[in-house]
Amino acid sequence: MQRHDGRELDELRPLLITTDFTASPASSVLIRCGDTILWCSASIEESVPRWMQREEPGKGWVTAEYMMLPASTTPRSNREGRRGQISGRTQEIQRLIGRSLRAAMNLNKLGPRTITLDCEVLQADGGTRTTAITGAFVALAQACKRLKDQGLIEENPLNFSVAAVSVGVVDGVAMLDLPYVEDVAAAVDMNVVMTGSGRFIEVQGTGEEATYTQEELDSLLVLAKKGIKDLNQIQRAALGEDPFYAPLFE
């Protein structure tokens, strides 16, 4: 099957991660996956939510916020939050990003501080939530290294790398990393979050007015694992050769 952009069925869109994109947060990256572009930044606060102070003193917290900017789509979308509310979709994605990154963390090693990952969609062409997770991990890893360099933590609180990718079935064919034109045509749409060692963190799979078989599910997961492996290599290259990062990708 010929894909609209000429890629192979198991091929990622061109992915570019630019670190230290802005100076204000502890770390930030610009991540571009095909025509999907996000800014992911990590900010550190020397405090945790009140419920953690009561229930788990000394433990840190990692959370995420996600937003699509109005001009990230055509036509322009309304800015969320103007009336003090965000959509259910946005809340779901924020929780997914936060869960995915916390799965990689030893929050006791982080200490009583909060790292917030802000994921802003500058341009949307499918896969914004998976691209957000992949980019936010790089920002989180850099933030943790800077805490260590400053002597604020003794050990790396990250246990392993995290990346995410979309897969789907379009016209009966399983394919990796769907842009919008393929995503809207998919009979089965799935987002997969995994560690660099190949363990699953989350799998979100939906039949869009369709069902799918065990064989189709297996083929999608094989594609996702291949895509995650490729994403890991790009993340590692973006972070550089510092020994702090090397164990995360083993």
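These figures come from a predicted structure and were not determined experimentally. (Residues numbered from 1 in each chain as written. Predicted model: local features only at pLDDT ≥ 70, side-chain atom pairs only at ≥ 80, totals over all residues. Heavy atoms only, no water.)

1. Section: the overall build of the protein chain
Check the secondary structure of the protein chain and you find 6 helices and 9 strands. Here the C-alpha radius of gyration of the protein chain, 18 Å, is about what a compact globule of 250 residues would show, namely 18 Å. The principal-axis extent of the C-alpha atoms belonging to the protein chain is close to 55 × 45 × 35 Å. Relative to its full complement of 250 residues, the protein chain shows a buried share of 48%. Taking all contacts inside the protein chain whose residues are at least 6 apart in sequence as the whole, residues at least 24 apart take part in 69%. Of the roughly 12,100 Å² of accessible surface on the protein chain, a fraction of 47% belongs to carbon and sulfur atoms. Positive and negative side-chain charges in the protein chain, numbering 26 and 34 respectively, have mean positions lying 6 Å apart. (Helix = DSSP H or I, 4+ residues; strand = E, 2+ residues; numbered from the N terminus. Rg over C-alpha atoms; globule rule 2.2 N^0.38 Å. Buried < 20%, exposed > 50% of the residue type's maximum accessible area, 1.4 Å probe, protein only. Contact = heavy atoms within 4.5 Å. Areas by Shrake-Rupley, 256 points an atom, 1.4 Å probe, with all protein chains shown as cover. Lys, Arg positive; Asp, Glu negative; His and termini not counted. Charge placed at Lys NZ, Arg CZ, Asp CG, Glu CD.)

2. Some points on the UniProt feature "binding site: phosphate" (unreviewed entry) in the protein chain
In this numbering, the UniProt entry assigns the feature "binding site: phosphate" (unreviewed entry) to Arg89, Gly127, Thr128 and Arg129. Across 41 residues of sequence, these annotated residues stay compact in space, with a maximum C-alpha separation of 13.6 Å. Mapped onto the fold, Arg89 is located in helix 2 (residues 88–102). Dropping the residues within four chain positions of it, Arg89 is found in contact with Tyr66, Met68, Thr128 and Arg129. Inspection of the secondary structure puts Gly127 in the loop between strand 5 (114–123) and helix 4 (128–149). Sequence-distant contacts of Gly127, defined by excluding residues within four places in its chain, comprise Arg13 and Leu178. (UniProt positions renumbered as here; feature names shortened; annotations may be inferred.)

3. A short note on the side chain of Gln94
Position of Gln94 among the secondary structure elements: in helix 2. The exposure class assigned to Gln94 is buried, which follows from its relative accessible area of 17%. Filtering out sequence-adjacent residues up to four positions away, Gln94 remains in contact with Ala64, Glu65, Tyr66 and Ile86.

4. Concerning the sheet that holds strand 5
Spatially, 1-2-3-5-4 is the arrangement adopted by the 5 strands of the open sheet, whose pairing is mixed. Both edges of this open sheet fall to strand 1 (15–19) and strand 4 (61–68), since each of them pairs with a single strand only. Taking each pair of neighbouring strands and ignoring which way they run, the sheet shows an average axis angle of 15°. Looking at chain direction, strand 3 (residues 36–45) and strand 5 are connected through 9 bridges and run antiparallel. Bridging across to strand 5, Cys40 finds its partner in Cys119. (Pairing = 2+ DSSP bridges. Axes fitted to C-alpha atoms, helices over the stretch in contact; angles between N-to-C directions.)

5. Concerning the environment of Asp189
The topology assignment puts Asp189 in strand 8 (residues 188–195). Since its relative accessible area comes to 17%, Asp189 is described here as buried. Ignoring sequence-local partners within four residues, the contact set of Asp189 consists of Val167, Leu178, Asp183, Gln204, Gly205, Thr206 and Glu208.

6. Some remarks on helix 6 (residues 214–239)
Between the first and last C-alpha of helix 6 there are 37 Å, a value that for 26 residues agrees with the 38 Å anticipated at 1.5 Å per step. Listed as buried for helix 6 are Leu220, Leu221, Leu223, Ala224, Gly227, Ile228, Leu231, Asn232, Gln235 and Leu239. (Expected span 1.5 Å × (residues − 1).)

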